[in-house]
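Secondary and tertiary structure notes
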Amino acid sequence: TTRHAVNVPGLNHTTTFYYRVKSGAATSPIRSFVKLFGVTSFVRAFGRTGQDCATGVAVDSFGNLVIVGYFQTSVDMGGGILTGNGIWEIFIAKYSAVTGEYLWSKRFGGPGDESISCMVLDASDNIYLGGNFTGIGNFGGSNSTAVGSDAFLAKYDTNGNYQWDVTFGGPAGD
């Protein structure tokens, strides 16, 4: 189990997000436990039969939880199945931090493999993702081709809509 604690300036609580990944088990997908004021407020489980990995969590200015990660083949974040184009795809999902209610989720990816290493939200709740990809990647705009393994930085608005991306790297892994 991995634990992330997220402190929101101006709010009198800490949101603690726990997640667990169990490879290939539909009965044990990613689980999140959100604690407000030290008391578990909600528990959410999401995923499917392939491997799922939550790699980042943040709280927006409205107290909503933004969760990012990558998945194998398909994943259900609470709003229906997201199916990928390649073996590994990336996801962004948003939930109410108080009730855990599903708000939305998006998946991005091309026929290559994509993964997320980091996420940050700006003051306007735009979402920035950083990670790497192999083969042909797609982060919401046009396809990008990696030479080996390349890096990417992508921006999405507060509703997960694609804004822009930039890719970079050389002939070796990045």
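Quick look at the structure, then. All values reported here derive from a predicted model rather than from experimental measurement. (Residues numbered from 1 in each chain as written. Predicted model: local features only at pLDDT ≥ 70, side-chain atom pairs only at ≥ 80, totals over all residues. Heavy atoms only, no water.)

1. Description of the pattern of salt bridges
Using the following cut-off: When a carboxyl oxygen of Asp or Glu lies within 4 Å of a side-chain nitrogen of Lys or Arg, that pair is called a salt bridge. For helices the rule is a DSSP run of H or I covering at least 4 residues; for strands it is a run of E covering at least 2, with both sets numbered from the N terminus onward.
For the structure on display, the rule yields one salt bridge. For Asp-60, the salt bridge goes to Lys-94, with nearest N and O atoms at 3.1 Å. In this pair, Asp-60 is assigned in the loop between strand E5 (52-59) and strand E6 (65-76) and Lys-94 in strand E7 (residues 81-95), connecting sequence segments 34 residues apart.

2. Some words on the sheet that holds E6
Our working rule: Strands are labelled as partners when DSSP assigns at least two bridges between them. Angles here are taken between N-to-C directions and fall from 0 to 180 degrees, while the axes themselves are lines fitted to C-alpha atoms, restricted in helices to the stretch in contact.
Strands sit in the order E5-E6-E7-E8 across an open sheet of four strands; the sheet is antiparallel. In the strand order of this sheet, the two ends are held by E5 and strand E8 (102-108), each with one partner. When the angles between neighbouring strand axes are averaged without regard to direction, this sheet yields 25 degrees. Relative to E8, E7 runs antiparallel, the two being bridged by six bridges.

3. Examining the pairing of E6
Note that E5 and E6 share seven bridges and pair antiparallel. The partner of Val-57 across the bridge, within E6, is Ile-67. What sits between E5 and E6 in their antiparallel hairpin is a turn of five residues, with Gly-63 showing a positive phi close to 90 degrees. Note that E6 and E7 share 11 bridges and pair antiparallel. From the neighbouring strand, Gln-72 faces E7, where its bridge partner is Trp-88. Linking two consecutive strands that pair antiparallel, namely E6 and E7, is a turn of four residues; a positive phi of about 120 degrees is found at Gly-78 within it.

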